[in-house]
Amino acid sequence: MKKQIIIVSVTALTTICLALCVVGCGGDKNVNSRSVNPGYQVGDELGYDITYFNKLAPEDADPLDGSGNTDNVSYMAYVMGTQSEWTAVSDNYATALINKQQTWTDIYYRDGYMLANEKSYSSFVKTSHQAAFVCGRDSTEGQARHAYLRDGSKPSNDKSSFSDVTWKSDVTSLTEEEYYLMYGLFPDEISLYAVNDYTVIEAGDVVDNGDGTYSQHFELDNEYSVYYYKYSMMTHSGTSSAPTFSKVEITFTFDGNFRLLMVETYDEAKVSGFKNTTTATTTYCYPDMEGYKDTVLDEASATEAAECFGVYLG
């Protein structure tokens with residue numbers, strides 16, 4: 001019998017609709033083709049089905065009852081799927097030998113569309129990317145999940161703004177499967193790792209933070225929890241060899257209604273023979289929260305992105 005794997009993704013990008021429904025972009029669709037990593041087929045090497053999993057929490061569900069199991073993760077995944085609008089900010093720090101790569105991502109989600117701005121900076125590598133996603137829910141329900149990407153100019157190390165980046169006009173179109181095999185799971189999932197009964201080595205106790213929020217830490221296996229995450233590392237490092245992980249950990253912070261507030265991750269891996277450690281923190285914000293308006297993409301940037309991606313998203 002095949003095992004069912006619960007995959008919920010840690011977001012490495014942030015999302016918004018961009019007013020794409022009202023701002024269009026004329027002209028021809030300038031779409032590039034991009035090859036995915038060769039030699040890997042989704043699910044074939046695992047021997048079981050990989051499916052997304054979420055679960056509606058019972059009305060009397062208590063977060064503290066989630067100690068030692070993955071119930072809270074399932075509840076968080078369900079609640080995230082019901083949110084029609086949110087933003088997220090991710091700080092990622094990867095260290096290998098003498099190089100420390102810092103990556104910052106802003107994500108905006110609204111009504112089935114998502115926009116992610118990402119820039120990465122070190123002494124050796126300076127890159128920027130922007131991606132628009134059709135998520136297949138809310139106003140896009142029934143549509144195939146799809147991603148559209150474009151590169152940007154070399155950024156500065158100012159993580160507070162993307163105003164230093166000039167976005168290019170060439171757009172790459174990727175199906176969901178193609179995106180998985182290059183960049184991992186879509187960022188509207190609650191983790192880039194697979195977190196479930198199969199991949200969890202140890203589920204920690206739920207901690208009541210005393211402010212209406214809760215935290216729970218998980219230690220994950222080194223192979224299946226990073227099944228899709230490894231493709232992102234391969235793409236960004238430019239290697240055809242999959243990294244070998246020795247440690248994978250994740251901590252979720254959420255409120256009493258199982259709404260995700262923060263995700264912290266840590267992993268250790270060998271990439272092309274060199275040890276690499278990565279830490280990342282992603283913080284979520286919702287419209288009913290104080291300061292939410294300050295996290296939303298400014299009008300000029302949203303309009304420019306909509307003019308580029310609008311022709312693809314409809």
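Every value quoted in this text rests on a predicted model; they were computed, and no experiment measured them.

Q: Please clarify how the side chain of Asn117 should be interpreted in this entry.
A: Checked against the element boundaries, Asn117 lands in strand E7 (residues 113-121). Here Gln130 takes part through its side chain, which lies 2.7 Å from a polar atom of the side chain of Asn117. Aside from chain neighbours lying at most four places away, what touches Asn117 is Trp104, Thr105, Asp106, Tyr108, His129, Gln130, Phe162, Trp167 and Leu297.

Q: What should I look at first to understand the pairing of strand E9 (residues 146-151) in this one?
A: Remark: a regular strand shows side chains that alternate across the two faces of the sheet. With respect to burial, E9 is a largely interior element, five of its six residues being buried. Of the strand pairs in this sheet, strand E8 (residues 126-134) and E9 are connected by six bridges, and their pairing is antiparallel. The residue of E9 that forms the bridge with Val134 is His146. Alignment of E9 against strand E10 (residues 171-175), held across four bridges, turns out to be antiparallel. Residue pairing across strands places Ala147 opposite Leu174, the latter belonging to E10.

Q: Looking at this structure, I do not really get the packing of helix H2 (residues 176-183) against helix H3 (residues 229-237). What am I missing?
A: Viewed as axis vectors pointing N to C, H2 and H3 meet at an angle of 65°, and their least axial separation amounts to 5 Å. With respect to H3, the axis of H2 lies roughly perpendicular. Contacts from Tyr180, Leu181, Met182 and Tyr183 in H2 reach Tyr231, Ser232, Thr235 and His236 in H3.

Q: Is there a simple way to think about the nonpolar core in this case?
A: For soluble globular proteins, the rule of thumb is that nonpolar side chains tend to be buried together. Core analysis: the biggest nonpolar cluster contains 55 residues, and Phe133, Tyr179, Val195, Phe218, Phe252 and Leu260 have the highest contact counts within it. Ranked by the residues each element gives to this core, the list is headed by helix H1 (residues 71-82), at six residues. In terms of nonpolar packing, the next biggest core, distinct from the first, is built from 14 residues, Val134, Tyr148, Val171 and Leu313 among them.

Q: Any chance you could explain the pattern of salt bridges here in plain terms?
A: Note on pairing: side chains with opposite charge can pair once their charged atoms come close. Evaluated as defined, the whole model comprises eleven salt bridges. One salt bridge in this structure joins Lys159 and Asp91, with 3.2 Å as the shortest N-O distance. On the criterion of sequence distance, the pair formed by Lys159 in the loop between E9 and E10 and Asp91 in strand E5 (residues 85-96) is long-range, its members being 68 residues apart. Judged by relative accessible area, Lys159 falls into the partly exposed class, the value being 44%. One salt bridge in this structure joins Asp288 and Arg259, with 3.1 Å as the shortest N-O distance. Note that Asp288 is positioned in the loop between strand E16 (274-285) and helix H4 (292-295) and Arg259 in the loop between strand E14 (244-255) and strand E15 (260-271), a separation of 29 residues in sequence. Within this structure, Arg145, Glu176, Asp188 and Glu189 form a network of salt bridges that share partners.

Q: Whenever I open this one, the packing of aromatic side chains confuses me. Can you help?
A: All told, the structure shown has 18 aromatic pairs when counted by the stated rule. Pairing Tyr179 with Phe186 gives two aromatic rings, centres 5.1 Å apart and planes at 85°, and the pair type is edge-to-face. Each member of the pair, Tyr179 as well as Phe186, carries the same accessibility label: buried. With a centroid separation of 5.0 Å and 55° between ring planes, the pair formed by Tyr180 and Tyr228 is classed as tilted. Here Tyr180 is found in helix H2, whereas its partner Tyr228 is found in the loop between strand E13 (213-220) and H3, with 48 residues between them in sequence. Here Tyr180 falls in the buried class, since its relative accessible area comes to 7%. By relative accessible area, which is 4% here, Tyr228 ends up buried. The ring of Phe162 carries Lys119 above its face, with NZ or CZ at 5.4 Å from the centroid. The ring of Tyr121 carries the charged tip of Lys126 above its face, separated from the ring centre by 5.1 Å.

Q: Explain unusual backbone geometry to me, please; I cannot follow it from the model alone.
A: Glycine aside, residues mostly have negative phi, and peptide bonds are mostly found in the trans state. Even without being glycine, Asp138 reaches a positive phi, approximately 55°. Take Asp138: it is sitting in the loop between E8 and E9. The class for Asp138 is partly exposed, based on a relative accessible area of 30%.

Q: Which parts of the structure should I look at to understand a negative patch on the surface?
A: Taken together, Glu59, Asp60, Asp62, Asp65, Asp208 and Asp211 make up a surface patch of like negative charges. Looking at where Asp60 falls in the secondary structure, it is placed in the loop between strand E4 (49-52) and H1. According to the relative accessible area criterion, Asp60 is exposed, its value standing at 66%.

Q: Which parts of the structure should I look at to understand the environment of Ser272?
A: As for its position among the elements, Ser272 is in the loop between E15 and E16. Taking the relative accessible area as the measure of exposure, Ser272 reaches 48% and is therefore partly exposed. C-alpha separation for the pair Ser272 and Thr239, spaced 33 residues apart in sequence, amounts to 7.1 Å.

Q: Help me out: how do you make sense of H3 in this one?
A: One full turn of an α-helix is made of 3.6 residues, so residues set three or four places apart face in the same direction. When H3 is considered as a whole, its buried residues turn out to be Tyr229, Lys230, Tyr231, Ser232, Met233 and Met234. Against H2, E14, E15 and E16 lie the buried residues of H3.

What counts, and where the lines are drawn
- Residues numbered from 1 in each chain as written.
- Predicted model: local features only at pLDDT ≥ 70, side-chain atom pairs only at ≥ 80, totals over all residues.
- Heavy atoms only, no water.
- Helix = DSSP H or I, 4+ residues; strand = E, 2+ residues; numbered from the N terminus.
- Polar contact = N/O pair within 3.5 Å; in protein donor to acceptor, adjacent residues only side chain to side chain.
- Contact = heavy atoms within 4.5 Å.
- Buried < 20%, exposed > 50% of the residue type's maximum accessible area, 1.4 Å probe, protein only.
- Pairing = 2+ DSSP bridges.
- Axes fitted to C-alpha atoms, helices over the stretch in contact; angles between N-to-C directions.
- Parallel < 35°, antiparallel > 145°, perpendicular 65-115°, else oblique.
- Core = buried A, V, L, I, M, F, W, Y, C linked by side-chain atoms within 4.5 Å.
- Salt bridge = Lys/Arg side-chain N within 4 Å of Asp/Glu carboxyl O.
- Phe/Tyr/Trp six-rings, centres within 6.5 Å; stacked < 30°, edge-to-face > 60°.
- Lys NZ or Arg CZ within 6 Å of the ring centre and 35° of its normal.
- Patch = residues over 30% accessible without salt bridge, like charges linked within 9 Å, V, L, I, M, F, W, Y side chains within 5 Å.
- Areas by Shrake-Rupley, 256 points an atom, 1.4 Å probe, with all protein chains shown as cover.
- Lys, Arg positive; Asp, Glu negative; His and termini not counted.
- Charge placed at Lys NZ, Arg CZ, Asp CG, Glu CD.

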